[in-house]
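# Chain and residue survey
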Amino acid sequence: MKLKEIYDVLNDISSFELQEKWDNSGLLVGSFEDEIENIYISMDLDLELAKDLKSNSLIITHHPLIFSGIKRVNFDTYSTKILKELIKKDISLISMHTNIDKTHLNRYFVEEILGFKIKDSLEFLAYCEVNMKFEELVKHISNRLNLKTLKAVRCKEFIKDIAVVTGSAMSLLDEVKADCFLTGDIKYHDAMEAKARNISLIDIRHYESEKYFNKLIEELLFEYLKKNKLKAIITASKNPFEFFIEGETVE
């Protein structure tokens, strides 16, 4: 099948025009006229995964391999090493990043994974009433995400409502109107800023909050794949981080 056909289906699911100006979603490697024999889905691409992909395939990722212009292709950086492998094997790449965040991924994470009901949403921010003690909320999140360690900032003992954004979204703190903000990649100065504003934080981590992209896209493509007698191959890029307690590896 032609890549353009699959691109159009993905665009109908979540229009690429919805992506943020700084984003780079869409067709990043390949041509609309490429003939596709296999479809892979992965949150990210790493070199090990790229080497395992079959030739003449399409891989659909959440994070774009390329965010800004590449001035040199010396095959010594993360993106160019993988680009070499993709081009060599005639593998196309489509990324669905901030567009799918807005239309599907954040909602899927909040409702299907965390088990909360969204009361209101504004672009990336999903708001839910939880009415839980802070420690109860932390325990709930830990259990739902199967995390043995969790980083948080406590400003209130009782949390009436939360705002949630998967991935990394502390840049949206100015817009948060809730007792507690859940997002990933929270830094020290982010925590200090939130504490000054009396907004509690729970770090749901980047990888752990977005790894559900694979299952989500497979579900959204189910009818199309079934109709065309195709099967999407779910692949798992590895979290580059390891976590330790007293020298012992934990999740």
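Before reading further, recall that the structure is shown in the block above.
Procedures and definitions
- Residues numbered from 1 in each chain as written.
- Predicted model: local features only at pLDDT ≥ 70, side-chain atom pairs only at ≥ 80, totals over all residues.
- Heavy atoms only, no water.
- Helix = DSSP H or I, 4+ residues; strand = E, 2+ residues; numbered from the N terminus.
- Rg over C-alpha atoms; globule rule 2.2 N^0.38 Å.
- Buried < 20%, exposed > 50% of the residue type's maximum accessible area, 1.4 Å probe, protein only.
- Core = buried A, V, L, I, M, F, W, Y, C linked by side-chain atoms within 4.5 Å.
- Domains from an automatic or database assignment.
- Contact = heavy atoms within 4.5 Å.
- Salt bridge = Lys/Arg side-chain N within 4 Å of Asp/Glu carboxyl O.
- Phe/Tyr/Trp six-rings, centres within 6.5 Å; stacked < 30°, edge-to-face > 60°.
- Lys NZ or Arg CZ within 6 Å of the ring centre and 35° of its normal.

On to the overall build of the protein. Looking only at helices and strands, the protein features 9 helices and 13 strands. Computed over C-alpha atoms, the radius of gyration of the protein comes to 19 Å, within 12% of the 18 Å expected from 2.2 N^0.38 for 251 residues, which places it in the range of a compact globule. For the protein, the spread of C-alpha atoms along the principal axes amounts to about 55 × 40 × 35 Å. A buried classification covers 48% of the 251 residues belonging to the protein.

It is worth spelling out the nonpolar core at this point. Grouped together as the largest cluster of nonpolar side chains are 47 residues, with contacts concentrated most on Phe116 and Ile162. Broken down by element, the residue count for this core peaks at 6 residues, all from helix α4 (residues 98–113). Residue contributions to this core reach at least three from each of two domains, namely domain 1 (3–96 + 210–234) and domain 2 (100–204). Excluding anything up to four places from it in sequence, Phe116 contacts Val110, Glu111, Cys128, Val130, Met132, Leu137, His140, Ile141 and Ile162. With 18 residues, the next largest nonpolar core counts Ala163, Leu172, Phe181 and Leu201 among its residues.

Here we come to the environment of Leu27. Within the secondary structure, Leu27 sits in strand β1 (residues 26–29). Distance in space between the C-alpha atoms of Leu27 and Tyr7 is 7.8 Å, their sequence separation being 20 residues. When neighbours within four sequence positions are excluded, Leu27 is seen to be in contact with Leu3, Tyr7, Phe32, Leu93 and Ile94.

Within this structure, the stated rule accounts for 16 salt bridges. A salt bridge links Glu111 to Arg107; the shortest N-O distance between them is 3.0 Å. Linking Glu111 with Arg107, this pair stays in helix α4, spanning 4 residues, or about one helical turn. Classification of Arg107 as partly exposed rests on a relative accessible area of 38%. Asp203 serves as the salt-bridge partner of Lys151, at 3.4 Å between the closest nitrogen and oxygen. Here the residue Lys151 occupies a position in strand β7 (residues 151–153), and Asp203 occupies one in strand β10 (residues 200–203), the gap between them amounting to 52 residues. Three or more residues joined by partner-sharing salt bridges are found here, namely Lys2, Glu33 and Glu35.

Another aspect to go through is the packing of aromatic side chains. All told, the structure shown has 4 aromatic pairs when counted by the stated rule. For the ring pair Tyr7 and Phe16, a centre distance of 4.8 Å and an interplane angle of 15 degrees mean the geometry is stacked. Phe16 matches Tyr7 in its accessibility class, with the two residues each being buried. Given a relative accessible area of 15%, Tyr7 falls into the buried group. Above the plane of the ring of Phe32 lies Lys4, whose end atom (NZ or CZ) is 5.7 Å from the centre. Seen from the ring of Phe243, Arg205 lies directly overhead, with NZ or CZ sitting 3.8 Å from the centre.

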